[in-house]
Amino acid sequence: MNLSNIVIVLDHPDESRNIGAACRAMANNDISDLRIVGKIEDYDIEHIHVLAIHAGEIFDKAHFYNSIREATADCSICAGTTRRKGKKRGKLLLPEEFAKIAGEKTQESKIAIVFGNERTGLTDPQLDECNLGVTIPSSDNFGSLNLSHAVQIMSYHMFRENINEKKGQYRGYTPLTLERIDQTVENITNNMQKIGFFKMPGREDMENFWRSILSRASLSEGEAQYLEKTFTKMAGLAKKNSEEEKK
């Protein structure tokens, strides 16, 4: 586990003090990369520093973004935290299960853990911007966790995995970022559309499918290029066969 490659993303947090407490939780676990979806002017920096105690530097170095996708473009995994099950939420990992996945990935690339607004959590559209879901089990009678507590629990699992992790054989390549995977997804769906595989209304679902599959596969650059060449060749052969049939 390379803790410097763990990214904590807070999506439009409401309370400045919760940001400060989240910074302290991160510092407790040697995690320092904080990204916030929102505007810095919406927050009280003094309140943030009061709750952060000696971890205020984490907020001072934080970056602000317009969306989750923008905030995690340089990451190979974007994990959204949620306590609610839903039709679009898929299989939710436990923190310890996610820590095992992150342990290997962080040796070569950044891994983002995304936390939603204190009142609403992550909505379905926001979770669609992530490619994994993580849930922290809690009481059925009172299941909502404070934002900083959720950050503490997830950060602690990353920290413990770092302690427990044995030295092993790591992959000899850097997994692609989500931004690079989007290029491959565009190539695949462009070529699928050329051969009439789907109509325009079905393209978004197909893109989401390929993005989810490919991001979890930890593709290398060579593998992505091979996929792109395969689909390009398929579209070319389909066009050639169609022209020959017309003769």
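An account of the accompanying structure is given in this report. Keep in mind the model is a prediction, meaning the values are calculated, not measured.

If you look at the biggest cluster of nonpolar residues, it comprises 37 residues, and the most contacted ones within it are Ile 8, Leu 10, Leu 34, Phe 98 and Met 158. For Ile 8, the contacting residues outside a window of four places in its chain are Met 26, Ile 31, Asp 33, Leu 34, Arg 35, Ile 113, Phe 115, Val 151 and Ser 155. Grouped together as the second largest cluster of nonpolar side chains are 26 residues, Leu 176, Ile 188, Trp 210 and Leu 214 included.

Running from amino to carboxyl end, helix H8 (residues 178-194) crosses helix H10 (residues 221-246) at an angle of 15°, the nearest separation of the two axes being 8 Å. By the angle class used here, H8 and H10 are roughly parallel. Seen from above, H8 lies across H10 with left-handed handedness. The residues of H10 that touch H8, namely those facing Arg 180, Gln 183, Thr 184, Asn 187, Ile 188, Asn 191, Met 192 and Lys 194, are Glu 221, Ala 224, Gln 225, Glu 228, Phe 231, Thr 232 and Ala 235. In terms of residue class, the contact of H8 with H10 is made up of 5 nonpolar, 6 polar and 4 charged.

All right, on to the side chain of Gln 126 then. With respect to the helices and strands, the residue Gln 126 is situated in helix H6 (residues 124-128). Here the side chain of Gln 126 touches Asp 11 through a polar contact of 3.0 Å, side chain to side chain. Contacts of Gln 126, omitting those with residues within four sequence positions, involve Asp 11, Ile 68 and Gly 121.

Burial analysis of strand S6 (residues 110-115) places 5 of its 6 residues in the buried class, which makes it a mostly covered element. Strand direction decides the pairing type here: strand S1 (residues 6-11) and S6, joined by 5 bridges, are parallel. Bridge assignment links Val 7 to a residue of S6, and that residue is Ala 112. Where strand S4 (residues 75-81) and S6 come together, 5 bridges link them in parallel fashion. Residue pairing for S6: Cys 78 is matched across the bridge by Ala 112.

The terminal C-alpha atoms of helix H7 (residues 147-164), which comprises 18 residues, lie 26 Å apart, in line with the 26 Å expected from a rise of 1.5 Å per residue. Buried residues belonging to H7 abut S1, helix H1 (16-28), S4, helix H5 (95-105), S6 and strand S7 (132-134).

Reading guide: rules and limits
Residues numbered from 1 in each chain as written. Predicted model: local features only at pLDDT ≥ 70, side-chain atom pairs only at ≥ 80, totals over all residues. Heavy atoms only, no water. Core = buried A, V, L, I, M, F, W, Y, C linked by side-chain atoms within 4.5 Å. Buried < 20%, exposed > 50% of the residue type's maximum accessible area, 1.4 Å probe, protein only. Contact = heavy atoms within 4.5 Å. Axes fitted to C-alpha atoms, helices over the stretch in contact; angles between N-to-C directions. Helix = DSSP H or I, 4+ residues; strand = E, 2+ residues; numbered from the N terminus. Parallel < 35°, antiparallel > 145°, perpendicular 65-115°, else oblique. Left-handed = near helix turned anticlockwise from the far one by under 90°. Nonpolar A, V, L, I, M, F, W, Y, C, P; charged D, E, K, R; others polar. Polar contact = N/O pair within 3.5 Å; in protein donor to acceptor, adjacent residues only side chain to side chain. Pairing = 2+ DSSP bridges. Expected span 1.5 Å × (residues − 1).

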